[in-house]
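Next come the chains, spelled out residue by residue.
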Amino acid sequence: MVAQRGTQDLLCQLKRQQLRTVDGTEEPFAKLGWRQLVPGKPLQQLRDTPYRTCAVITSAGALLRSSLGKEIVDSHDAVLRFNAAPTRGFEDHVGSKTTIRIINSQILADSYHFASSSLYKNITLLAWDPTSYSANLEKWYSKPDYDLFPAYVERRRSSPSQPFYILHPAFIWHLWDVLQNNIDEDIQPNPPSSGFIGIIVMLSLCEKVDVYEFIPSRRHTTLCHYYDYYHDMACTLGAYHPLLYEKLLVRRMTETSMDDLSNNGKAVLSGFSQITC
Ligand code: NCC
């Protein structure tokens with residue numbers, strides 16, 4: 001049996017897995033000249049001080065008809081969204097502001113109109129690709145799950161002022177380690193979802209993080225995303241990603257009461273800068 005760990009201890013374990021992006025100093029990226037390609041300022045140094053309040057907007061179908069849009073826009077300095085989740089047409093429920101977007105490698109490699117879509121412009125972008133647990137960068141570069149590199153290079157060259165980073169695979173898999181170390185069962189060796197990754201990124205950048213509909217509220221539904229018509233409970237509970245375990249962990253990281261979670265669909269978390277480990 002793994003001992004039940006307290007909220008603070010869990011946040012400290014995650015805080016130790018420092019946010020890390022590909023910085024061009026390791027091979028094969030060094031010889032490819034990525035030192036000059038990646039943004040000059042590391043993600044953590046884009047601002048002198050952390051954001052005070054942040055919102056993480058999952059893509060869950062439960063956000064549809066939530067009427068949370070005004071709260072999301074008015075009460076947060078920064079808003080994180082995922083993949084191709086739109087705001088246009090859904091402003092009443094998910095708000096309109098986007099500060100950072102986390103995109104998995106499918107968005108860069110497949111037909112998501114990455115180059116032309118306004119979803120990916122004028123914001124900070126963070127891309128990631130699962131690769132395997134051992135994360136040898138040479139192997140990853142030659143055979144990523146989805147080839148995110150050409151579109152990354154192209155965007156860095158065409159829009160050098162846009163802060164655009166690739167999360168380091170070691171960071172992703174260290175988060176998986178924390179998940180596994182805090183769950184009694186053996187979880188599948190698949191990477192955490194963009195949602196969990198995004199929550200940890202925002203805990204690194206913000207003093208307080210409000211996470212919407214990661215822990216399902218009373219609005220929970222089989223509708224996968226608020227922006228499409230596909231129904232599948234696996235979107236909420238997980239199939240490939242260890243989503244259920246991620247949600248159990250986030251439940252343990254928040255002091256929000258079960259009633260509030262259920263009524264508002266919002267889990268309130270303290271950013272890493274606010275906790276002493
Ligand atoms: O669906 P997706 O995720 O883009 O959702 C973003 C994050 O929101 C949380 N979520 C979503 C739906 C739901 N009902 N409940 C939730 O809690 C999850 O935390 C999720 O991570 C991904 O994680 O990147 C994922 O991406 C999609 C897909 O690649 C993109 O949407 C682009 O089309 C994956 N779907 C497929 O590959 C079919 C999904 O498994 C994971």
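All of the points below concern the structure found in this document. These figures come from a predicted structure and were not determined experimentally.

Quick notes on the rules
Residues numbered from 1 in each chain as written. Predicted model: local features only at pLDDT ≥ 70, side-chain atom pairs only at ≥ 80, totals over all residues. Heavy atoms only, no water. Pairing = 2+ DSSP bridges. Helix = DSSP H or I, 4+ residues; strand = E, 2+ residues; numbered from the N terminus. Axes fitted to C-alpha atoms, helices over the stretch in contact; angles between N-to-C directions. Disulfide = S-S within 2.5 Å. Buried < 20%, exposed > 50% of the residue type's maximum accessible area, 1.4 Å probe, protein only. 1 Å grid on protein atoms, 1.4 Å probe; cavity = no way out; pocket = protein on both sides within 12 Å on 5 of 7 lines; lining within 4 Å. Points joined across faces, edges and corners; volume = space filled by probe spheres on them. Nonpolar A, V, L, I, M, F, W, Y, C, P; charged D, E, K, R; others polar. Right-handed = clockwise from strand over helix to strand, strands pointing away. Contact = heavy atoms within 4.5 Å. Parallel < 35°, antiparallel > 145°, perpendicular 65-115°, else oblique.

## What about the sheet that holds strand β1 (residues 51-57)?
- Strand order in the open sheet formed by seven strands is β5-β4-β3-β2-β1-β6-β7, with mixed pairing between adjacent strands. Of all the strands in the sheet, the pair left with one neighbour each is β5 (164-166) and β7 (266-270). The sheet shows a mean angle of 20 degrees between the axes of neighbouring strands, direction not considered.
- Taken together, the five bridges between strand β3 (residues 100-104) and strand β4 (residues 124-128) define a ladder with parallel strand orientation. Bridge pairing in β4 places Asn104 opposite Trp128.

## Let's talk about the state of the cysteines
- Taken as a whole, this structure holds three disulfides when the rule is applied.
- The disulfide bridge from Cys54 ends at Cys206, spanning 2.0 Å between sulfur atoms. Since a negative S-S torsion denotes a left-handed disulfide, the Cys54-Cys206 link at about -95 degrees is left-handed. Of the two residues, Cys54 is situated in strand β1 and Cys206 in strand β6 (residues 206-212); the sequence distance between them amounts to 152 residues. When sorted by exposure, Cys54 lands in the same class as Cys206, which is buried.

## Section: the layout of surface pockets
- Taken as a whole, the largest pocket encloses approximately 910 Å³ of empty space.
- Along the wall of the largest pocket there are 34 residues; nearest its centre are Asn83, Asn104, Ser193, His225 and His241.
- Elements with a minimum of two residues in the lining of the largest pocket: α5 (105-109), α9 (194-205), α10 (234-237) and α11 (243-253).
- For the lining of the largest pocket, a count of residues per class yields 17 nonpolar, 13 polar and four charged.
- Here the second largest pocket defines a volume of roughly 360 Å³.
- Forming the boundary of the second largest pocket are 17 residues, of which Leu19, Gln44, Ser204, Leu205 and Phe272 lie nearest the centre.
- Its residues assigned to classes, the lining of the second largest pocket comprises eight nonpolar, seven polar and two charged.

## Considerations on the pairing of β1
- The buried fraction of β1 is high, at six of seven residues.
- Both β1 and β6 contribute to a ladder of six bridges, which runs parallel. Paired with Val56 across the two strands is Val211, which belongs to β6.
- Judged from the three bridges that link them, β1 and strand β2 (residues 78-82) form a sheet pairing that is parallel. In the sheet register, Val56 faces β2, and the bridge partner there is Leu80.
- In this view, the connection linking β1 to its parallel neighbour β2 by way of helix α3 (residues 69-74) has right-handed handedness.

## Remarks on helix α7 (residues 149-158)
- For α7, the set of buried residues is Phe149, Ala151, Tyr152, Val153, Arg155 and Arg156.
- The elements touched by buried residues of α7 are α2 (34-37), α5, β4, α6 (137-142) and β5.

## Notes on the packing of helix α8 (residues 169-181) against α9
- Interhelical geometry of α8 versus α9 gives an angle of 100 degrees and a closest axis separation of 11 Å. The angle between α8 and α9 falls in the class roughly perpendicular. The segment α8 lies against α9, with Phe171, Ile172, Leu175 and Leu179 engaging Phe196, Ile197, Ile200 and Val201.
- Each residue belonging to the contact of α8 with α9 can be placed in one class, and the counts come to eight nonpolar, no polar and no charged.

## Comments concerning empty space enclosed by the protein
- One pass over the structure, following the stated rule, counts one cavity of 30 Å³ or more.
- In this structure, the largest cavity encloses a volume near 50 Å³.
- Contributing to the lining of the largest cavity are Ala60, Gly61, Ala62, Glu213, Phe214, Pro216, His220, Thr221, Leu223, Thr236 and Lys247.
- Of the residues assigned to the lining of the largest cavity, the class counts are five nonpolar, four polar and two charged.

Take it as geometry only, folks, not as evidence of what the structure does.
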